[in-house]
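# Structural description and commentary
Chain residues, written in single-letter form:
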Amino acid sequence: MISTSRPPSVNSMGADGDPFSALLRPPASETEHERIARLQREADAKRISDSIDEEIKADRERLRKSREDIRLLLLGQAESGKSTLQKQFQLLYNPSGLDDERLSWRTVIYFNIARPISRILDALDAYGDAEEADDDDMFGPPDIRAASGMPVPSASTDRAADEKSLSPSQLSLEKQITSFRLRLAPLLAAETSLADRLSGGVDVSGSGRGSVFVRSGWQMKSRGFPFGRGRERTSSGGRFSFSGRNSTDENKGNEMELQARRAEAQEDKLVHEVASILNACQKDIKELWELPAVKKLRERRRLKLEEWAEYFLNNIERVSTPGYLPTTEDILHARIQTMGVAEHVFDMSVHGRTVRWHLYDVGGARGQRHSWIPYFDDATAIIFLAPVSAFDQYLDEDPRTNRIDDSLQLFKQICSNALLKRAHLVLFLNKTDVLKAKLAAGIRVNKYITSYGDRANEYDTVVAYFKAHFTQVHRRTNENNRVLFTHLTSAVNTKAMQSIITDVRDSIFRGYLKSAALV
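Described in the following lines is the structure provided in the data block. Since the structure is predicted, the reported quantities are computational estimates derived from the model, not experimental observations.

### A word on the packing of aromatic side chains
This structure, assessed with the given rule, holds 11 aromatic pairs. Taken together, a centroid distance of 5.6 Å and an interplanar angle of 65° make the contact between Phe411 and Phe470 edge-to-face. Here Phe411 is found in helix 14 (residues 403-416), whereas its partner Phe470 is found in helix 16 (residues 459-476), with 59 residues between them in sequence. The residues Phe411 and Phe470 share a single accessibility class, namely buried. Residues Tyr452 and Tyr465 carry aromatic rings whose centres are separated by 5.0 Å and whose planes lie at 85° to one another, so their mutual orientation is edge-to-face. Placement of the pair is Tyr452 in the loop between helix 15 (432-440) and helix 16 and Tyr465 in helix 16, with a sequence separation of 13 residues.

Structure below.
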């Protein structure tokens, strides 16, 4: 029989045979000073190790609690009112945050004035005071109209005609347009600077007309977190880091803070310059806005301005006064296109229970919708916004696609997405105020939505028609018998929206408690 000796274990070895003990044992010649320094190093190392353990433990606890958080996605196409709804949440649950960022909105509002002025002058150059066709007929079928909101003239509309062929009234308008361009030149030049300030100089592909309407935490960078406790995203998986930073490098954080302060100082200089320009050009802007030729272009729908543009031009005297501070209504009407996904974190107490809510405001342009996907897997609820006033509008990215049809297709994708099957679903048929105004102006739905047929061109009938179509999309994809909560909304109406938000909050919270098996 062969016998072998077993090597000694660490426990069976004496102190002299343990290689680790020998390695850690202080030298015999260690002096008292060296011993004190060694003990200090060991104490520092233990303190750092304990600190790391505490951070790991805290992160685990935060992760455990985050699984109990409510995550609300605001989904819908571009210009459907998602960011305005986010502002209403902010106004209701963190009004002090809105006050903190109030000055920042001047940049957006000034841009919301400069851009329409440029479009008005371009429309006057293109169409002048022509009396021919009206509405959209001169541009062919409505499904191929230009995406910019201002129809592009056909080849037959050639502005290169000799001045001798122009009527006296047209010659007079030509001179007026030239005069307006000269007088408003400083404001037109400031448009590019304002756009660069908002977008960071980045041109976003696939964002349609909004390539300069981009924001990516612009308020956060200039004036701190805008809503609750904002979180920056990590580059891995699109999720947030609990530390609130993308890096643990403190020097990098200090550098980012310094850059933000420099950017804020530059912004203040730019804003003050534009404010002075607006104040000097106030009468010229008002005169241009009230020009009979501009009114005629709008009536014939050769010049299409969004509701936010009309709002600020109608309030130009107030907005251009020295020391102007945006009102809450101004902020709600201000328009800037969202890039990617902006997260807003806040705590809400419902029926005596405090729960952390994560609200995600997403970019709705076709080129931005891919960024929604990482947020689907743990979404608690969805508010889908469909602008029912957009029946006569077409996508910026695809002039052949009606915006109502795009909303229906997008809603179908959301309803049928497997990752969102368990999410609470709310539908906002938004911009009902704009819809009422369009119907009152005589714009007929069946001209743009042929399936509308000969139904009455009245608000209740139109809304019921659109609601039935969205309900049908939900019914066809509703495998889990999920309830669809539908609301008719105007996101800029604060009083009505706060009541609706409260109802939605309660319904989401009840669904959350049921899913958590707490009721």
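### What to know about the environment of Glu317
Here Glu317 lies in helix 12 (residues 316-319). The exposure class assigned to Glu317 is partly exposed, which follows from its relative accessible area of 37%. It is 9.3 Å that separates the C-alpha atoms of Glu317 and Ile285, two residues lying 32 residues apart in sequence. Here the side chain of Glu317 touches Lys286 through a polar contact of 2.4 Å, side chain to side chain.

### Points about the packing of helix 5 (residues 105-127) against helix 10 (residues 292-299)
Two packed helices can be described by the angle between their axes and the distance between those axes. At a minimum axis separation of 11 Å, helix 5 and helix 10 run at an interaxial angle of 85°. With respect to their mutual orientation, helix 5 and helix 10 come out roughly perpendicular. Along its contact with helix 5, which presents Ile120, Ala123, Leu124 and Tyr127, the element helix 10 presents Ala293, Val294 and Leu297. When grouped by side-chain class, the residues that make up the contact of helix 5 with helix 10 number 7 nonpolar, no polar and no charged.

### Looking at the environment of Phe89
Mapped onto the elements of the fold, Phe89 is located in helix 3 (residues 82-93). The class for Phe89 is buried, based on a relative accessible area of 1%. In sequence terms Phe89 and Phe346 are 257 residues apart; their C-alpha atoms lie 9.9 Å from each other.

### Quick notes on the nonpolar core
In terms of nonpolar packing, the biggest core is built from 52 residues, with Ile113, Ile117, Ile120, Leu124, Ile285 and Leu288 touching the most fellow members. If you list the elements that add at least two residues to this core, you get helix 5, helix 6 (168-183), helix 7 (185-199), helix 9 (250-289), helix 10, helix 11 (307-314) and helix 12. The element contributing the most residues to this core is helix 5, with 14 residues. With near-sequence residues (within four places) excluded, Ile113 lies in contact with Leu278, Ile285, Phe312, Leu313, Ile316 and Val319. Of all hydrophobic cores here, the second largest spans 41 residues; its members include Phe391, Leu408, Leu427 and Tyr465.

### Re helix 3
End to end, helix 3 covers 17 Å across 12 residues, agreeing with the expected 16 Å (1.5 Å per residue, within 8%). The element helix 3 is largely enclosed, with a buried count of 10 among its 12 residues. Taken as a whole, helix 3 has its buried residues at Lys82, Ser83, Thr84, Leu85, Gln86, Lys87, Gln88, Phe89, Gln90 and Leu91.

### Observations concerning unusual backbone geometry
The backbone of Lys431 shows a phi angle near 65°, a positive value even though the residue is not glycine. Assessed through its relative accessible area of 14%, Lys431 is described here as buried. Of note, the phi angle at Asn481 is positive, near 55°, even though the residue is not glycine. Checked against the element boundaries, Asn481 lands in the loop between helix 16 and strand 8 (484-488). On the accessibility criterion, Asn481 (66% relative accessible area) is exposed.

### Considering the pattern of salt bridges
In total, this model carries 25 salt bridges according to the counting rule given. With a shortest N-O distance of 3.0 Å, Arg47 and Asp44 are connected by a salt bridge. Pair noted here: Arg47 and Asp44 are both in helix 2 (residues 32-66), with a separation of 3 residues, about one helical turn. Note that Lys438 is salt-bridged to Asp392, the shortest N-O span being 2.6 Å. In this pair, Lys438 is assigned in helix 15 and Asp392 in the loop between strand 6 (381-387) and helix 14, connecting sequence segments 46 residues apart. Of the two residues, Lys438 and Asp392, both sit in the buried class. Three or more residues joined by partner-sharing salt bridges are found here, namely Arg366, Arg369, Asp398, Arg400 and Asp406.

### Focus on the sheet that holds strand 1 (residues 70-75)
As summarised here, the arrangement of the 6 strands in space is 4-5-1-6-7-8, forming an open sheet in which the pairing is mixed. Each of the sheet's edge strands pairs with one partner strand only, and the pair in question is strand 4 (341-350) and strand 8. The mean angle between the axes of side-by-side strands here comes to 20°, regardless of whether they run parallel or antiparallel. As paired elements, strand 6 and strand 7 (residues 424-430) share 7 bridges and run parallel to each other. Within strand 7, the position partnered with Ile383 by the bridge is Val426. Lying over the sheet, helix 16 contacts strand 6, strand 7 and strand 8, oriented at roughly 160° with respect to strand 8.

Reading the values: the criteria
Residues numbered from 1 in each chain as written. Predicted model: local features only at pLDDT ≥ 70, side-chain atom pairs only at ≥ 80, totals over all residues. Heavy atoms only, no water. Phe/Tyr/Trp six-rings, centres within 6.5 Å; stacked < 30°, edge-to-face > 60°. Helix = DSSP H or I, 4+ residues; strand = E, 2+ residues; numbered from the N terminus. Buried < 20%, exposed > 50% of the residue type's maximum accessible area, 1.4 Å probe, protein only. Polar contact = N/O pair within 3.5 Å; in protein donor to acceptor, adjacent residues only side chain to side chain. Axes fitted to C-alpha atoms, helices over the stretch in contact; angles between N-to-C directions. Parallel < 35°, antiparallel > 145°, perpendicular 65-115°, else oblique. Contact = heavy atoms within 4.5 Å. Nonpolar A, V, L, I, M, F, W, Y, C, P; charged D, E, K, R; others polar. Core = buried A, V, L, I, M, F, W, Y, C linked by side-chain atoms within 4.5 Å. Expected span 1.5 Å × (residues − 1). Salt bridge = Lys/Arg side-chain N within 4 Å of Asp/Glu carboxyl O. Pairing = 2+ DSSP bridges.

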